[in-house]
Amino acid sequence: MEQKYEQFKGQPRLPKSVVPKRYGIKLKPDLASCTFAGTVEISVDVVAETKFIVLNAADLTVSRDGVRFTSGAKVLEVLEVQLFEADEIMVVEFSDNLPLGVGVLCIAFEGTLNDKMKGFYRSTYEHNAEKKNMAVTQFEPADARRCFPCWDEPACKATFRITLEVPTELVALSNMPIVEEKRDGIIKTVHYEESPIMSTYLVAVVIGLFDYVEDHTSDGIKVRVYCQVGKENQGKFALDVAVKTLDFYKKYFAEPYSLPKLDMVAIPDFAAGAMENYGLVTYRETALLYDDKHSAASNKQRVATVVAHELAHQWFGNLVTMEWWTHLWLNEGFATWVSYLATDSLFPEWKIWTQFLDEITEGLRLDGLSESHPIEALWRLIMRARLMKYLMQLAIGKVHLLSACCKAILVRNAFSCGPLIALFSFAGLGWKLSKGELFSIGEEVDSRSTTNLMSSVSRALASYIKQYSCSNAKTEDLWAVLEEESGEPVNQLMNSWTKQKGYPVVTVKVNDENLEFEQVPYTNFLHLSTDSQFLLSGSHGDGQWIVPMTLCCGSYDVRKNFLLQGTYESLDTKEFLLCSHSKGRLAETGTWVKLNVYQTGFYRVKYDDELASRLRYAIETQCLSATDRFGILDDSYALCMACQLPLASILTLMGAYKEELEYTVLSNLISISNKIARIAADAAPELLDDIKLFFINLFQYPAEKLGWDPKQGESHLDAMLRGEILTALAQFGHDVTQHEARRRFDAFLNDRHTPLLPPDTRKAAYVAVMQNVSSLNRSGYESLLRIYRETDQSQEKTRILGSLASCPDPDIVLEVLNFLLSSEVRSQDAVFGVHVGIKGRETAWRWLKENWDHISKTWGSGFLITRFVSAIVSPFSSSEKANEVEDYFASRSKPSITRTLKQSLERVHINAKWVQSIQTEKHLAEAVQELACRKY
C-alpha cells in the first residue's frame, strides 16, 4: 500500500480536519438474503486543508464510483477509495485540497446482516410456526461503522435523518417518530424525523413483526414496549416501570426527556442485557418481558433495574455523552446509581440499596486482581475486546466514590474531620436513602437535611446536564461542577481512585486503650512489594490512597471518623468509653468495634483475633445492621482467599449467621459457601462431606422459615431467597430437599400450571433433579430437555440451561456442553450452561479445546467468548493447570480474550495458593468436625 496512507493506519482516533454535522442515511435490508444496501449523505465542515477524508467503515463494500463530494455547486474528483479492515477505516483521496467550510460527502455501500449480534445484524424468531429474520442494530461501542460509513467516535456528534425501505407488513423503528410513510406495492419507504445531535453509537434501527403495548408519561411522551407477536402482555410491567421512571428522572434531573417518544424492544438474539439507543432502547427478552406465571421474583427485579438503568442513560450518556471511551465508566457508574434511586422510589420494599452491596462486591473482587486496570485506562480494551461487562463491574464499584462527592455537598460541616472526610464519607452507596433514611458518619441526618441533601445532589447533576447538554464531557467536567457546588477539591481527591487500579486494606487491633490502624505489607505474597494495595493474591499493588475511616464502638450511637493518610494511625478510645455504657479499658470491656460503618468505604478491613471474636458475638446477637453483617463476611472471605485468614476462621464466622434472614446477607453467604466447597474439594477432600453438612445445617433455619410454598403477602425478597436457599441445599446434597424437589418436579411434568412448582423454586427443583442424573439414570435430564424444547419463555430456557451442567456425571456434562453448541440454543444463551460442577471441570476443559475453533468463530468478535474462558478456566486450582491453559492459548489467543485469560489464570494461581494455605492449617479438621456436629 502506498506510503501516503500509512499516516492514517494504527491511529486510535480519526483526524480532525473534517467534522461531521448531519447524516442522511437510507437503508434497504433484504431479510431473505440477509444483505443490505444503503446510502449516506454526510454534511461536513472542512476545518483544515487536506486531500483526504478519513472515516470509519468495516465489513462494508464501497467502490470509488459510489463516493462523491460536493462543495456548493462544485463536485470534487475522487482519486481513490481505500478500506483498511484491520484499522476499520475508509480513506477517500481527492485530486485537490478540499475547500474549507461546508461540504457534502455521499457514499453508496453494501453489507451483510451478520449473525454476530453487532453492527447491523439478523435475529431469528418464529411466527405461525415459520422461522423468520428481523434486522437489528447494536452499535456500542464502535460498530455503527458496520452499518454505514461514519465518524464512529462519541465526540463526533451530529444529527441523523433515517430512511428505511422495508416490506409493508413489517414494523420499522428508529430513534425518532415516523414523519412520512410511502407504500409501493409490497415495499414501503419510511422517513423519520431528524434526531437531536447525538453520537453514532446511539443510532438504532429495528425491523420485524411485533406487537406492542402503549402508555404515556404525565407530560404526554408516548412510551411503547414492542415484543414478538402474542407476547404483548409480558411487556406491561416494563411499560409501567418506564413511564414512572421517566417522570422520576424528569423531576430529579430538572430536565424533561428530550425526545417525543420512547420505544423499548425485546430482541430474541441480543448479546448484552440492553442498549440505551436514543429513543429506541433494545433489550434481551429476559431483561424486558415479565410473565406472572413463568417469571421469578428475581426476573421481575431484573426487568425493573435494567429498564431504569437504560432510561437513566437517556440523560446521562445520550443527552450528555462522554468525550471518549476513557470516560465511559462515568456514564455507566452514574446510570447505575440513579437507576437504583428510581427503582427504590418505585419498589421501596425491595431494599434495593442493600442489594447494591452485591454489585459493589463484584467490583471489589475484580479490582482485587493484579490484572485489573485503572478504570480510566480501559478504553483500549473496550474498543478492541468489547469487554463491557468488565467495565460495568468496575464502574459499579467505583460509583462508591462518585456519590461520595455528591452526598457530601451539604453535610460536610457535620463531620468533625472537616470537608475532606465528608467528600469520601458516603463513598457511593445510597442504600440508607431508602425510605427517606440517610445516615452521616457523625450523626443521623434528620428528614429535612436528607431532603436538602438530595436536592443538592439533584441540583449538581442538573447543572452538569444543563451545561453539557447535546455535547460531550470528561470525568473532570463533572468533578468541576461538584467542586463549584461543594467548594472542595473533588478532582484532586477522586483522581487517585479513578486513575489507578485496586483499593487498600486496613488492619486494626486493640492495644490497651488504643485502636491501632495500619496499612501494612502482607506476609503471604506471590509478588513482593512495600505498599498496601489489596490484591486477592495476597500480594501488594502500587497504589496509595487517602482512606476515609469510619467506626462505631459497641453501638451505632458511638461513632468516629478520620482520615488514614499514611501507613499507621493510633486512636485513643477513652472518648468512646465515656460516651458508651462500657466501663474500663477497651481491651477489657469486650466492646465490639466495626470499621467502615454501613460499608460506605471502598476498602477491606482485617480485624485482630480479639476484635473478630467480638464481632462474631455482635452478629449472633443481632447488634449489627444487615449492611455491616454483609461487610464483615465479605471482607473475611476475601482475606481468607488471599491467605490472610485461615479457612477455619471464615467457617467459624459463618456459624454466627445461623439465624440470618436478610436476603442480601444470606445470598452472599450462599455464594461464599459454594466457593468454599469448591476449594475444599481440592484442598481437603476428606473434609468436604463435613463442610457440606455444616452448610446444610447452617441453612436449615431460613429454609424452614420459608418452606417450599409461597405465603400470602410475603415479601419480594423472601420469594427470591426461597429459591436460592433451596438450590443451595440441593447442591450440597440435602436428601430431604432433593426428594421434595423431585416430587414437585414430577407434578410439574404432568401439569405445567401446578402450584407445587412456581417460578421462584423451579431452578432449585431443576438443580436437585440434575444431582441424581447419570448415564444410567437419564430420565431427569431428558425431562428437562423436553421442558426446554416446549417452552417459548426465554427466562425458562435460561433457567434450565443454568441447571443442566450442575450434574456430577462427566458424561452427562459433556452431553450438556455439546447441546449448547446445537441450533436449539441461541448463541447469546450458550454461556448460561458452561458453569459446570467440581466433577465436570476436566470434561469442560477438554470440550473447550476440542471445540475452540468453532467457539472462536461463532463468538470470537464479541464479549460473550470471554464467558467461556472465565467459566471453564477460573475454577481450577493448580499451577500445573494454569501452565497447561497458558500453553494451549499461547498460539490461539486473540484481543477479545487477552484480559479475561490473564485474569482467569490469575484466579487459578490464587486458588492454587489458597489450596496450599488450607493444607497447612493444623486444626482445620477439628474445627470442621465441631461445626458439622452443631445443630442449629
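Owing to the predicted nature of the structure, the values given are computational and were not obtained by experimental measurement.

Student: What is the right way to look at the environment of Leu563 in this model?
Tutor: Structurally, the position occupied by Leu563 is in strand E27 (residues 559-564). Placed 14 residues apart in sequence, Leu563 and Met549 show a C-alpha to C-alpha distance of 5.6 Å.

Student: Just to check I follow, could you spell out the sheet that holds strand E30 (residues 604-607) for this structure?
Tutor: Strand pairing in a sheet relies on backbone hydrogen bonds, with the paired strands running either antiparallel or parallel. Taken together, the four strands give an open sheet; going across it, the order is E28-E25-E24-E30, and neighbouring strands pair in mixed fashion. One side of each edge strand has no neighbouring strand; the edge strands of this open sheet are strand E28 (568-572) and E30. In this sheet, neighbouring strand axes are inclined to one another by 25 degrees on average, regardless of whether the strands run parallel or antiparallel. Looking at chain direction, strand E24 (residues 505-511) and E30 are connected through four bridges and run parallel. By the bridge assignment, Val508 is partnered in E30 with Tyr607. Across the sheet, helix H13 (residues 609-620) touches E24, strand E25 (514-518) and E30, and the angle it forms with E30 is around 105 degrees. Against the sheet, helix H14 (residues 626-641) contacts E24 and E30, and its axis sits at roughly 80 degrees relative to E30.

Student: I'm lost on the environment of Gly72 in this one. Help?
Tutor: Position of Gly72 relative to the elements: it lies in the loop between strand E5 (67-71) and strand E6 (74-76). Looking at Gly72, the relative accessible area reads 71%, which means it is exposed. Residues Gly72 and Gly103 lie 31 residues apart in sequence; the distance between their C-alpha atoms is 6.9 Å.

Student: For this particular structure, what's the right way to read the packing of aromatic side chains?
Tutor: Remark: the centre distance and the inter-plane angle together describe each pair of aromatic rings, the angle taken between the planes. A full pass over the atoms with the stated rule returns 43 aromatic pairs. Taken together, a centroid distance of 5.9 Å and an interplanar angle of 70 degrees make the contact between Tyr23 and Phe148 edge-to-face. Here Tyr23 is found in strand E1 (residues 18-30), whereas its partner Phe148 is found in the loop between strand E11 (130-138) and strand E12 (159-167), with 125 residues between them in sequence. Using a relative accessible area of 0% as the deciding quantity, one classes Tyr23 as buried. On the accessibility criterion, Phe148 (1% relative accessible area) is buried. Ring-pair connections join several aromatic residues into one group, and the members of that group are Phe248, Tyr249, Tyr252, Phe253, Tyr257 and Trp315. Residue placement shows Arg752 over the ring face of Phe748; its charged tip is 5.5 Å from the ring centre.

Student: Mind showing me how you'd approach the nonpolar core here?
Tutor: The tendency in soluble globular proteins is for nonpolar side chains to be buried as a group. Counting residues in each nonpolar core, the largest one holds 212 residues, and the members touching the most others are Phe148, Trp151 and Met264. Formed by 90 residues, the second largest nonpolar core is a distinct cluster that contains Val508, Trp545, Leu651 and Leu698.

Student: Mind showing me how you'd approach the pattern of salt bridges here?
Tutor: Under the defined criterion, the tally for this structure stands at 48 salt bridges. Among the salt bridges present, the one from Glu714 reaches Arg722, with a minimum N-O distance of 2.7 Å. With a closest N to O distance of 3.1 Å, Glu930 and Arg934 form a salt bridge. Take Glu930: its relative accessible area is 42%, and that puts it in the partly exposed class. Among the residues examined, Arg934 registers a relative accessible area of 28% and is labelled partly exposed. Taken together, the shared-partner salt bridges in this structure form one network comprising Asp59, Glu88, Asp143, Arg145, Arg146 and Asp152.

Student: When you look at the pairing of strand E17 (residues 211-216) in this model, what are you seeing that I'm missing?
Tutor: On any regular strand, side chains alternate: one points to one face of the sheet, the next to the other face. Pairing between E17 and strand E18 (residues 222-227): six bridges, direction antiparallel. Its bridge partner lying in E18, Glu214 is registered against Arg224. Between the antiparallel neighbours E17 and E18 lie five residues, among them Gly220 with a positive phi of about 90 degrees.

Student: Any chance you could explain unusual backbone geometry here in plain terms?
Tutor: Glycine aside, negative phi is the norm for most residues, and most peptide bonds take the trans geometry. With an omega dihedral of 5 degrees, the bond running from Glu140 to Pro141 counts as a cis peptide bond. Inspection of the secondary structure puts Pro141 in the loop between E11 and E12. The phi dihedral of Met117 falls on the positive side, at around 60 degrees, and the residue is not glycine. Along the polypeptide, Met117 turns up in the loop between strand E9 (101-112) and strand E10 (119-127). A positive phi is found at Asp512, a non-glycine position, where the angle reads about 60 degrees. Inspection of the secondary structure assignment puts Asp512 in the loop between E24 and E25. Looking at Asp512, the relative accessible area reads 35%, which means it is partly exposed.

Student: Explain the UniProt feature "binding site: Zn(2+)" (unreviewed entry) in the chain here, please?
Tutor: Sequence positions flagged by UniProt for "binding site: Zn(2+)" (unreviewed entry) are, in local numbering, His309, His313 and Glu332. Over a stretch of 24 residues, the named residues converge on one spot in the fold, their C-alpha atoms separated by at most 8.6 Å. Relative to the helices and strands, His309 is located in helix H2 (residues 297-312). Within the fold, His313 resides in the loop between H2 and strand E22 (320-322). Polar contacts involving the side chain of His313 include one to the side chain of His309, which spans 3.1 Å.

Student: What is the right way to look at H2 in this model?
Tutor: Every α-helical turn comprises 3.6 residues, leaving residues that sit three or four positions apart pointing alike. Along its 16 residues, H2 runs 23 Å from first to last C-alpha, staying within 8% of the 22 Å computed at 1.5 Å per residue. Most of H2 is tucked away: 13 of the 16 residues are buried.

Student: Would you mind showing me how to read the confidence of the model for the chain here?
Tutor: Averaged over every residue, the pLDDT of the chain is 87; residues scoring 70 or more account for 85%. pLDDT under 50 marks residues 378-451. Its contacts with residues more than four places away, or in other chains, come to 234 contacts. Below pLDDT 50 for its whole length, residues 521-531 participates in 35 contacts with residues either more than four positions away or in separate chains.

Student: Help me understand the side chain of Lys188, please; the structure alone is not making it clear to me.
Tutor: Considering the arrangement of structural elements, one finds Lys188 in strand E15 (residues 187-192). Although Lys188 is buried, it forms no salt bridge, and the closest oppositely charged side chain is Glu181 at an N-O distance of 4.1 Å. Polar contacts involving the side chain of Lys188 include one to the main-chain carbonyl oxygen of Thr168, which spans 3.4 Å.

Student: Would you mind showing me how to read H13 here?
Tutor: Between its first and last C-alpha atoms H13 spans 17 Å; for 12 residues at 1.5 Å apiece the expected length is 16 Å, and the two agree. Taken together, the buried positions of H13 are occupied by Leu611, Arg614, Leu615, Ala618 and Ile619. Around the axis of H13, the buried residues are gathered within 145 degrees of arc, so they sit on the same side. In H13, the exposed positions that point more than 90 degrees away from the buried face belong to Asp609 and Tyr617. One or two steps after H13, the chain reaches Gln622, where phi turns positive at roughly 60 degrees.

Student: Explain the packing of helix H20 (residues 735-750) against helix H21 (residues 759-771) here, please?
Tutor: Each pair of packed helices gets described by two things: the angle between the helix axes and the distance between those axes. Two numbers describe how H20 lies on H21: the axes approach to 8 Å, and their chain directions differ by 110 degrees. By the criterion of interaxial angle, the relationship of H20 to H21 is roughly perpendicular. Listed contacts from H21 to Gln738, Ala741, Arg742, Phe745 and Phe748 of H20 are Arg762, Ala764, Ala765, Tyr766, Ala768, Val769 and Gln771. Each residue belonging to the contact of H20 with H21 can be placed in one class, and the counts come to eight nonpolar, two polar and two charged.

Student: Would you take a moment to explain the environment of Thr567 for this structure?
Tutor: One can find Thr567 in the loop between E27 and E28. The spatial distance from the C-alpha of Thr567 to the C-alpha of Phe517 is 8.0 Å, given a sequence separation of 50 residues. In this structure Thr567 touches Phe517, Glu518 and Gln519, once residues within four positions along its chain are discounted.

Student: Just to check I follow, could you spell out the sheet that holds strand E13 (residues 171-174) for this structure?
Tutor: Pairing in this open sheet of four strands is antiparallel, and the strands run E10-E11-E16-E13 from one edge to the other. The open sheet terminates on both sides in strands that have one partner only, identified here as E10 and E13. The sheet shows a mean angle of 15 degrees between the axes of neighbouring strands, direction not considered. Bridging between E10 and E11 involves nine bridges; their strand directions are antiparallel. By the bridge assignment, His127 is partnered in E11 with Glu130.

Student: How do you make sense of the pairing of E18 when you look at a structure like this?
Tutor: Where burial is concerned, most of E18 is hidden: five out of the six residues are buried. Examined bridge by bridge, E18 and strand E19 (residues 261-267) share five bridges and lie parallel to one another. Paired with Lys222 across the strands is Lys261, a residue of E19. In terms of handedness, the path from E18 via helix H1 (residues 236-253) over to E19 forms a crossover that is left-handed.

Quick notes on the rules
- Residue numbers run consecutively from 1 along every chain, following the written order of its sequence.
- Local features in a predicted model are, by the rule used here, given only for residues with pLDDT of at least 70; side-chain atom pairs are given and counted only at 80 or more, and totals for whole chains, interfaces and linings are based on all residues.
- Side-chain measures here rest on the full set of heavy atoms in the structure, leaving out hydrogens and waters.
- Under the DSSP-based scheme used, a helix requires at least four consecutive residues in state H or I and a strand at least two consecutive residues in state E, with every element numbered from the N terminus.
- Strand pairing is assigned whenever DSSP detects at least two bridges linking the two strands.
- In this description, a line fitted to the C-alpha atoms serves as the axis of each element, helices being fitted only across the stretch in contact, and the angle between N-to-C directions of two axes falls anywhere from 0 to 180 degrees.
- Whether two residues touch is decided by their heavy atoms; if any such pair falls within 4.5 Å, the residues are in contact.
- Relative accessibility thresholds used throughout: buried, under 20% of the residue-type maximum; exposed, over 50%; partly exposed, between the two (1.4 Å probe, protein chains only).
- Geometry of aromatic contacts follows a simple scheme: Phe, Tyr and Trp rings, the Trp one being its six-membered ring, pair when their centres are within 6.5 Å, and the pair is stacked under 30 degrees between planes, edge-to-face over 60, tilted otherwise.
- By the criterion adopted, a ring carries a charge over it if an Arg CZ or a Lys NZ lies within 6 Å of its centre and within 35 degrees of its normal.
- Among buried residues, the Ala, Val, Leu, Ile, Met, Phe, Trp, Tyr and Cys ones that are joined through side-chain atoms within 4.5 Å form a nonpolar core.
- By definition, a salt bridge exists where a carboxyl oxygen of Asp or Glu is found within 4 Å of a side-chain nitrogen of Lys or Arg.
- UniProt positions are given in the numbering used here, feature names are shortened, and annotations may be inferred rather than shown by experiment.
- Here a polar contact is taken to be a pair of N or O atoms separated by no more than 3.5 Å, where protein atoms must pair a possible hydrogen donor with a possible acceptor and residues adjacent in sequence count only if both atoms sit in side chains.
- Working rule for helices: expected span equals 1.5 Å times residues minus one.
- The predictor reports its confidence for every residue as pLDDT, a score running from 0 up to 100.
- His is not counted here, nor are the chain ends, while Lys and Arg score as positive and Asp and Glu score as negative.
- Here, the arc refers to the directions that run from the helix axis to the C-beta atoms.
- By the definition adopted for this analysis, an angle is roughly parallel if under 35 degrees, roughly antiparallel if over 145, roughly perpendicular if from 65 to 115, and oblique otherwise.
- Gly is put with the polar residues, along with every residue not named as nonpolar or charged; the nonpolar set is Ala, Val, Leu, Ile, Met, Phe, Trp, Tyr, Cys and Pro, and the charged set is Asp, Glu, Lys and Arg.
- By the criterion used throughout, a crossover qualifies as right-handed when its path from the first strand across the helix to the second strand runs clockwise, the strands pointing away from the viewer.

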